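Notes for the structure review
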Amino acid sequence: ISIGNGTVRRLVDSHYEDTMPRWSRSGQAIYYCSKRGAKGDADFQIWRVETDSGRTALVARDSLGEYAEHFKDRDLFFTRGSTVWQKNLTDAGEIPVSQLRGINIGNYWDLAGDNLFFLTLNQGKKPILSRLELSSGDIHTIMEVDALPQYSLPRMSISPNGKMVAIASIKI
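The structure reproduced in this document is the subject of the present report. (Residues numbered from 1 in each chain as written. Predicted model: local features only at pLDDT ≥ 70, side-chain atom pairs only at ≥ 80, totals over all residues. Heavy atoms only, no water.)

Moving on, we come to the pattern of salt bridges. For the structure shown, the criterion picks out 6 salt bridges. Arg-48 serves as the salt-bridge partner of Glu-69, at 3.6 Å between the closest nitrogen and oxygen. Taken together, the residues span a long stretch of sequence, with Glu-69 in strand S5 (residues 67-69) and Arg-48 in strand S3 (residues 44-50) at a distance of 21 residues. A salt bridge links Glu-133 to Arg-131, with the shortest nitrogen-to-oxygen separation between them at 3.5 Å. You can call Glu-133 partly exposed: its relative accessible area is 21%. In this structure, a network of salt bridges that share partners links the residues Arg-80, Lys-87 and Glu-94. (Salt bridge = Lys/Arg side-chain N within 4 Å of Asp/Glu carboxyl O. Helix = DSSP H or I, 4+ residues; strand = E, 2+ residues; numbered from the N terminus. Buried < 20%, exposed > 50% of the residue type's maximum accessible area, 1.4 Å probe, protein only.)

Right, let's get into the environment of Arg-9. Residue placement: Arg-9 occurs in the segment before strand S1 (17-23). Assessed through its relative accessible area of 48%, Arg-9 is described here as partly exposed. Residues Arg-9 and Thr-51, 42 residues apart in the sequence, show an inter-C-alpha distance of 9.8 Å. Leave out the neighbours within four places in its chain, and Arg-9 touches Thr-51, Asp-52 and Gly-54. (Contact = heavy atoms within 4.5 Å.)

In structure tokens, the structure reads:
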């Protein structure tokens, strides 16, 4: 949807459950999750649609729906199982983020610049907010958090230039 004039343009028209849109950092594509397979039996897949051509491409399978593009537009981070994975968008290789192995973070993480911020979840203890420097691999503890935040998935995303909004909608 164009914020300036309200023009609506459908980028993805499928019979699948397509949701959780996020703009690429460049604004030239939108990532979204799609549940494709037997009803109730499929994990989310992460897809990318180019905003100018409408071309779609599968980016990652078996995701839990949490994902974020690295600020340099070449890597996508996503959750699979209880692990955060990093996928190189140019050569299609994907690897688990080894510094986070064995740390229970669930879907409580996000990227900012060259850092991956995350909450460590330990039963019976307060969550701990930490930062992983992607360039060095160093983890820094920031603070204890008094309560676990409400988990929700993004249902809309504003473009980097602030002129467009991507919304997941249900056909009526």
